[in-house]
Amino acid sequence: QTAGKADSETVLPTKILYGRVHGPDQESGVQGVSVYDMAHPERQTTTDAEGNWRLDVVDAEFLRLRFEASDLLSVDAWIQPIEASDPKRPYPMSMGTEADIARLYAAVGSSPLPEKTLVFVDALSEELICLDGATVELSQDYEAPWRQNQDGSWSSTNLSTPDGGDLMFLNEEPGSLTLQV
């Protein structure tokens, strides 16, 4: 043993996460997206031809994952590892271009403001079951909440749906926020 060297290195517990990146059509997978844990960027992977990814991450209560591709807008996602720990139920992530984002805003009669972002939320129980009628609030100001209905249309409400329709909060201040369900 060399003087000053530790007997062993600290080994952090890890967990394997599974996910799928799809385009704005919510159907087609996106190949070549880099996915990594922002706290440990050396832990990264790339999506396959169907948009699937598998990532070994340090086990934590919450993780901040970054999704990047050269021709798409980067996306940061805060997730609880339980949301992505089942390979039969991969964590979904939608990516698109600036034009795709503009179409989302236009669908609800709005437009993106400079230096603002939008936030998507799914209201799920610990068992990953959709919470029908749950109210979702954000800690920061936003323009308006919208819920995507089963038929793809949007309703101005912050109540979740039984089918897990996305809630979208427009023109949110970028940065950390608190969700209350």
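Residues numbered from 1 in each chain as written. Predicted model: local features only at pLDDT ≥ 70, side-chain atom pairs only at ≥ 80, totals over all residues. Heavy atoms only, no water.

It is worth spelling out the sheet that holds strand β7 (residues 91–94) at this point. If you walk across this open sheet you meet the three strands as β4-β1-β7, and the pairing is mixed. Two strands in the sheet have a free side with no partner beyond their single neighbour: β4 (52–58) and β7. Sheet twist, expressed as the mean angle between neighbouring strand axes with direction ignored, is 35°. Note: strand β1 (residues 14–22) against β4, seven bridges, orientation antiparallel. Looking at the pairing, Ile16 lines up with Asp56 of β4. (Pairing = 2+ DSSP bridges. Helix = DSSP H or I, 4+ residues; strand = E, 2+ residues; numbered from the N terminus. Axes fitted to C-alpha atoms, helices over the stretch in contact; angles between N-to-C directions.)

Backbone hydrogen bonds are what pair the strands of a sheet, in a parallel or an antiparallel way. Taken in spatial order, the four strands line up as β8-β12-β10-β11 in an open sheet, and their pairing is antiparallel. The strands lining the two open edges of the sheet, one partner per strand, are β8 (117–121) and β11 (154–155). When strand β10 (residues 145–148) meets β11, the two strands line up antiparallel, connected through two bridges. If you follow Gln148 over to β11, its bridge partner there is Trp154.

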